[in-house]
Amino acid sequence: MKIAMLGIEFPPKILVGVAVHSYYLTKNLASNNVTIDLYLPNGGHCQGVNIINVKDISISSYSNPDISGNTLFSFIDSYNSALIKNVKNNFDIIHCHDWITSSAGIEIKNRTKKPMVLTIHSTEFDRSPINPWEYILKKEKIAIDNADEIIAVSSKTKNTLIDRFNANENKINVIHNAIDHKSFYTGKKDKKIVLFLGRLVNQKGPEFFLDIAKKVLDYEDAKFIVVGDGYMLPELINKAIDMGIENNVTFTGFISDEEAKRIYSISDVYVMPSISEPFGITALEAMASKACVILSKTSGVSEIVNHAMTCDFWDIDQMANKIIAILRYPCLKNCMNNNGLQEIKSISWDNVAKKTIDIYNKVLQ
Amino acid sequence: MPSICMYFEVHQPMRLKKFSIFSDDSYFDNEKNTGIFNRVADKCYLPANRLLLQLLDEHPDFKISFSLTGIFLEQCSNFPDVLDSFKELSKKKNVEFLSETYYHSLSALFHDKKEFLEQIKEHENIMKEIGIKISKVFRNTEALYSNEISELIENIGYEGIITEGWDPILGWRSPNHIYKRPEGNIKILLRNYKMSDDLSYRFSAKWWPEWPLTADRYSKWLSLCEGDCVNLFMDYETFGEHQWEDTGIFSFLRHFPNETFHYDNLNFKLPSELIQTYKAVGDYDVVWPISWADMERDTSAWLGNEMQKACFKELQSLGELIKSKNNETLLKEWKLMTSSDHFHYMCTKSWADGDVHKYFSCFDTPYDAFIAYMNILQNMKYKISKNK
C-alpha cells in the first residue's frame, strides 16, 4: 500500500498540532509497512518515510507564526499548484490534512481516480470562533464533500463536521491523537509553576489564563508562564501589567521543542482554557511530563483522558479553585500525576497508525 | 437444609456541593439530594416496599431484613410516604431491622473509637424515635469488619455481626455457616458474594452465560447449596435503581418466594434467627479490615490513595478540634462528612472497579471530589478559628 501524503508542517517547524501528528503518524505507518511519500513545503526527516521537498514555491518559507491574510493565501495557492505538478502518480491513496492542501488533493484525485482520505485537525469554526473566514469555510466544505473517507481527531470534531458542514456521517471516522510519552521527562517541580502553552490567539483563551492567574495569586504565590507567540502577545503583556501581576507572569514567546519539554517538566499545572480545541495534543505532553492538567470542557482530548480535570473555559473561579488545590495539596498533585502518566502510556501512535490503516483498507474496497 | 437470609442496606448519602475555595454557602447539595431521592423512591423504595408487603402477606414464611441509615431517614422527612412504607414493613412479624452507624461512616476505622460508638447510639435513637425496633445484629458501613471492630460491637451487647464471606480468610471453608471471632462469642454472618452478586451485579449482564436469570433457576441453585445458610446481602437499590425495572428484577422478586418453597430443603430465616438456630462452626479471624466492596474487599475503595488518606487524617483531627468547642451546627456538619460515600468518590482505582466508582459519583473526577471535600474541611476549620 502506497500513500501520497500532502503535508504542510513537519518538525522542527511546529506551529500547530498538525506537525506533531504528521511526524508520528507517518513514522508509525512506515513501521507498519505502509509506503509513504510525504510532500512538504520545507522538507524534514523521518525514519522510513520518503520526504519530498516541494520546491518551486513563490514564498519559500512557512516559518513566520504570524503569517496571515493575503500572504498566507498566496503561499497556500502557490504550494498547491506546486503539489499538483510534483505529485507522482504511483500511489494508491492520497491523504490530505485540513483544507490547506485539499485543493491539490482534489485535483490529483480527479486526475488519477484514486481515493482521497482527509484528516480534519481543526475547522475554521475552531480557529476563529468569533469571526470565521468565509473563504476558508468554503474551502473546507469542498474538501469535506470531496473526501472519500474523513478522519476526525475527536468526536467533538466529528460533530462539528456533521452539524456545521452537513458532512455525511458515514464517512467520518474518529481517531484521537496520541503521545510518544518516552520523549518527555519530569524535572524538579518546586517552584509552583502554572503553564499556558499555545498560540496566543483568541481560540486558545490566553486572556482567561491571565484572569485565572490574578485570582490564584490572591491565595497562592505561584509563577505563571505563557509560552507561545501570536497576534495577542502585546495586548496580553499590557493586560498583565494593568492587572499588577507582571512580576508573577513570564512571556517566553515562541520556543523550541526541547525548551518546551523542559518547561513542561518543571510545571506543576498545565491549563488549557481554549474556547475551542478539536483535540489538544499539548495536554498529553503535559501529562507525560507529570504536570496536572486542567482542560476546557470543549476539548477533544478530554474524550480520552480520565486523569485530568475539566472546566468551562470562562469559569475563572473554578479554574482558579482547581489550581489552588493542586498547588496546596501534594496528595492531589501526586495522584493526578501518577495516574495521568499511567493512563497516557496506553495512548500510542502505533494504535493511531493501525486505525488509519483500517481506513486505508476501507477506502480501497 | 440451608436457610436463606435476605438483608438489604438502605442508604442515600448527603452529597456535597462542588464547594470551591471561593464558596461561602452551605456544604450539601440539597437540590441534587432531593432529586436523586425522589428518583430512587419512585424506582425502588416505593414499588419494592409495596411488592414486599404483598409477598409477606401471601407467604407467611417469607422473611426479609433491612438496615436504614440515619441520613436516609433524615432525607425521608421530605418523603413521608417512603418512611410510612418502611414503618408498615416493620409491623410485619417476618421483617427485621439491623443496627448500623447513623452516618454510614468510616468511623469504625478512626483512631479513636468513641465516635463510632456514638454514631451507633445515634442510630439506635433515631430508630426508636420513628418507632422501628432494631435487633441485636449489627451491620457496619459497607460490611467493614475486623477483629477489633467485632470486639467493640460485642462489648456493647450485640450478638451478631454481618460481613463479607471472603475466600482468603475462609480458605477451604464455606460462607454458608455461622462463624465467630477467635476469643469472642459474637456470631458472624457471612455474605455469600457469589449468590448475592448474581442478583445485585450480574442480574442484567448480557455477557453472563446465565442471563436472563429466572427465579426458578436461582431457587434451584439455592437448593443445591450446602451448609446452614445462604446469606444474600445487598443494597436495597438493587431493585429498580441499580437494576432497572425493565431488566425484570421486580418480576424475579415477585416469583422468588414461591419458587423457593418448591424445595423442601429451603426456608427463610432472619439474621437474629440464624444466630439462635445455628452454632458457630469455626473462627473467622480478620486482622486487617475487610469489606464487601470492590475486587479487593479491603478498605482501598475509601482509603486507597493519598488523597483519601489525607482527607481521612484531616477529618479526624478536625473532629477533635470541633468536639473541644461547643458548636452544634459544625459538629453535625462534621458528622455528615464522616460518610464513606465522600471517600468513595475520590477513588482512582482504574480497572474494572473504576466503573463502579464512576457510576456512584456525583463529581466529574475523583480529583474534583477531593477538592470539594478538602475545601469544606478547611472552611470548617476556618469557622472554628473565628469561633474561639
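Given the structure is predicted, the values throughout are model-derived calculations rather than measurements.

Colleague: Could you clarify how one ought to interpret the overall build of chain B in this entry?
Modeller: Scanning chain B for helices and strands turns up 16 helices and twelve strands. Rg of the C-alpha trace for chain B: 21 Å, near the compact-globule value of 21 Å for 388 residues, within the 12% margin. Each principal axis of the C-alpha distribution contributes one length, and for chain B these read about 65 × 45 × 45 Å. The proportion of buried residues among the 388 residues of chain B is 62%. For chain B, long-range pairs separated by at least 24 residues make up 77% of all intrachain contacts whose partners lie at least 6 apart in sequence.

Colleague: Just to check I follow, could you spell out the nonpolar core for this structure?
Modeller: One broad trend across soluble globular proteins is that nonpolar side chains are buried collectively. Core analysis: the largest hydrophobic core is formed by 161 residues, its most contacted members being Tyr45, Phe66, Phe86 and Tyr236 of chain B. For this core, the element with the most residues is helix H1 (residues 30–58) of chain B, which contributes 13 residues. Apart from the residues within four sequence positions on either side, Phe86 of chain B is in contact with Val10, Tyr45, Asn49, Phe66, Leu68, Phe72, Phe97, Ile132 and Tyr236 of chain B. Counting 56 residues, the second largest nonpolar core, distinct from the first, contains Phe184, Ala260, Ile281 and Ala308 of chain A.

Colleague: What is the right way to look at the confidence of the model for chain A in this model?
Modeller: Interpretation of the predicted coordinates at a detailed level should be avoided for regions scoring low in pLDDT. With 93% of its residues at a pLDDT of 70 or more, chain A has an overall mean of 91. Within the model, pLDDT remains below 50 along residues 58–66 of chain A, and this stretch shows 17 contacts once partners closer than five positions in the same chain are excluded.

Colleague: I tried to follow the sheet that holds strand S4 (residues 93–97) of chain A on my own but got confused; where do I start?
Modeller: Remark on secondary structure: sheet strands pair via backbone hydrogen bonds, oriented parallel or antiparallel. Residue and element names in this part refer to chain A. Strand order in the open sheet formed by seven strands is S3-S2-S1-S4-S5-S6-S7, with parallel pairing between adjacent strands. Two strands in the sheet have a free side with no partner beyond their single neighbour: strand S3 (50–53) and strand S7 (172–174). Between one strand and the next, the sheet's axes are offset by a mean angle of 25 degrees, whatever the strand orientation. Bridge count for strand S1 (residues 2–6) against strand S2 (residues 35–40) is five bridges, and the pairing is parallel.

Colleague: Can you walk me through the pairing of strand S5 (residues 116–120) of chain A in this structure?
Modeller: For a regular strand, side chains alternate in direction, first toward one face of the sheet and then toward the other. Residue and element names in this part refer to chain A. Along S5, five of the five residues are buried, which leaves the element largely enclosed by surrounding structure. On S5, burial covers both faces: Met116, Leu118 and Ile120 on one face and Val117 and Thr119 on the other are all buried. Viewed along the sheet, the connection from S4 through helix H3 (residues 102–112) into S5 turns out right-handed. Taken together, the four bridges between S5 and strand S6 (residues 149–152) define a ladder with parallel strand orientation. Bridge pairing links Thr119 to Ile151 in S6.

Colleague: What am I meant to see in helix H5 (residues 134–146) of chain A here?
Modeller: Residues separated by three or four positions in an α-helix point in the same direction, a consequence of the helix having 3.6 residues per turn. Residue and element names in this part refer to chain A. An ideal rise of 1.5 Å per residue puts 18 Å on 13 residues; H5 measures up with 18 Å between its terminal C-alpha atoms. Among the residues of H5, Ile136, Leu137, Glu140, Ala143 and Ile144 are the ones counted as buried. Considered in projection along H5, the buried side chains sweep an arc of 125 degrees and stay on one side of the axis. Counted as exposed and oriented over 90 degrees from the buried face of H5: Glu134 and Lys138.

Colleague: How should I be thinking about the sheet that holds strand S8 (residues 193–197) of chain A in this particular structure?
Modeller: All names here are of chain A. Across the sheet, which stays open at both edges, the six strands sit in the order S10-S9-S8-S11-S12-S13 with parallel pairing between neighbours. Every interior strand has two partners, whereas the edge strands, strand S10 (249–253) and strand S13 (309–311), have only one. For this sheet, the mean inter-axis angle between neighbouring strands, taken without regard to orientation, is 20 degrees. Lying over the sheet, helix H11 (residues 316–328) contacts S8, strand S11 (269–272), strand S12 (292–296) and S13, oriented at roughly 155 degrees with respect to S13.

Colleague: What is the right way to read the packing of aromatic side chains from this model?
Modeller: One pair of aromatic rings is described through two measures. These are the centre distance and the angle between the planes. The tally for this structure, following the rule as stated, stands at 48 aromatic pairs over all chains. Summarising the aromatic geometry, the rings of Tyr329 of chain A and Phe370 of chain B are spaced 5.5 Å apart at their centres and angled 80 degrees between planes, so their arrangement reads as edge-to-face. In this pair, Tyr329 of chain A sits in the loop between H11 and helix H12 (330–344) while Phe370 of chain B sits in helix H16 (residues 366–386), so the two residues belong to two different chains. The residues Tyr329 of chain A and Phe370 of chain B share a single accessibility class, namely buried. Pairing Phe8 of chain B with Phe66 of chain B gives two aromatic rings, centres 5.8 Å apart and planes at 55 degrees, and the pair type is tilted. Taken together, the residues span a long stretch of sequence, with Phe8 of chain B in strand S1 (residues 3–10) and Phe66 of chain B in strand S2 (residues 64–68) at a distance of 58 residues.

Colleague: Is there a simple way to think about the interface of chain A and chain B in this case?
Modeller: Interface size, as often reported, equals the accessible area lost upon joining of the parts. Across the boundary between the two partners, chain A contributes 24 residues, which contact 21 residues of chain B. A buried area of about 1800 Å², summed over both sides, lies between chain A and chain B, and 64% of it is on carbon and sulfur atoms. The largest contributions to the chain A side of the interface with chain B come from Asn321, Tyr329 and Cys331 of chain A, which together make up 28% of the buried area. Scanning the region where chain A abuts chain B turns up one salt bridge. For Asp368 of chain B, the salt bridge goes to Lys322 of chain A, with nearest N and O atoms at 2.3 Å. Here chain A is connected to chain B by six residue pairs in polar contact (both at pLDDT 80 or more).

Colleague: Please explain the environment of Ser81 of chain A as it appears in this structure.
Modeller: Residue and element names in this part refer to chain A. Note that Ser81 resides in helix H2 (residues 69–86). Judged by relative accessible area, Ser81 falls into the partly exposed class, the value being 41%. Side-chain polar atoms of Ser81 contact the backbone oxygen of Asp77, separated by 2.9 Å.

Colleague: Help me understand the domain arrangement of chain B, please; the structure alone is not making it clear to me.
Modeller: Residues and elements named next belong to chain B. The domain boundaries assigned to chain B delineate domain 1 (3–283) and domain 2 (300–386). For domain 1 versus domain 2, the distance between C-alpha centres works out to 24 Å. At the junction of the two partners, domain 1 supplies 34 residues and domain 2 supplies 32 residues. Here domain 1 and domain 2 share an interface that buries about 2800 Å² over both sides, 62% of which is from carbon and sulfur atoms. For the domain 1 face of the interface with domain 2, the top three residues by lost area are Leu16, Tyr27 and Leu106, together amounting to 25%. Linking domain 1 with domain 2 are five salt bridges, by the criterion used here. The partner of Glu74 in a salt bridge is Lys332, with the nearest N and O atoms 2.5 Å apart.

Here is what the cut-offs are and how they apply
- Residue numbers run consecutively from 1 along every chain, following the written order of its sequence.
- Here the convention is simple: chains get letters from A, ligands get numbers from 1, in the order in which they are written.
- Where totals are concerned, whole chains, interfaces and linings use all residues; where local detail is concerned, this predicted model gives features only for residues with pLDDT of at least 70, and gives and counts side-chain atom pairs only at 80 or more.
- Note that water and hydrogens are dropped before the side-chain values are worked out from all heavy atoms of the structure.
- In this description a helix means any DSSP run of H or I spanning at least four residues, a strand means any run of E spanning at least two, and both kinds are numbered starting from the N terminus.
- For the radius of gyration, the atoms used are the C-alpha atoms, and the globule rule reads 2.2 Å times the number of residues raised to 0.38.
- Burial classes follow relative accessibility: with a 1.4 Å probe on protein chains only, a residue under 20% of its type's maximum area counts as buried, one over 50% as exposed, and anything between as partly exposed.
- It only takes one pair of heavy atoms within 4.5 Å for two residues to be counted as in contact.
- What we call a nonpolar core is a set of buried Ala, Val, Leu, Ile, Met, Phe, Trp, Tyr and Cys residues that are connected through their side-chain atoms within 4.5 Å.
- The score called pLDDT rates the predictor's confidence residue by residue, from a low of 0 to a high of 100.
- Pairing between strands is defined by DSSP: at least two bridges between the two strands are required.
- Only the stretch in contact is used when a helix axis is fitted, and all axes are lines through C-alpha atoms; the angle between N-to-C directions ranges over 0 to 180 degrees.
- When the strands point away from the viewer and the connection leading from the first strand across the helix to the second strand turns clockwise, the crossover is called right-handed.
- Helix span, as expected, comes to 1.5 Å for every residue beyond the first.
- As used here, the arc is the angular range of directions from the helix axis to the C-beta atoms.
- Two rings belonging to Phe, Tyr or Trp (six-membered ring only in the last case) form a pair when the distance between their centres is within 6.5 Å. Interplanar angles under 30 degrees mark stacking, angles over 60 mark edge-to-face geometry, and anything in between is tilted.
- Here's the idea: put two parts together, see how much 1.4 Å probe accessible area each one loses, and the total over both is what we call buried area.
- We count a salt bridge whenever a side-chain nitrogen from Lys or Arg sits within 4 Å of a carboxyl oxygen from Asp or Glu.
- Two N or O atoms form a polar contact when they lie within 3.5 Å of each other; inside protein one atom must be a possible hydrogen donor and the other a possible acceptor, and for residues adjacent in sequence the pair counts only when both atoms belong to side chains.
- Domain delimitation follows an automatic or database domain assignment.

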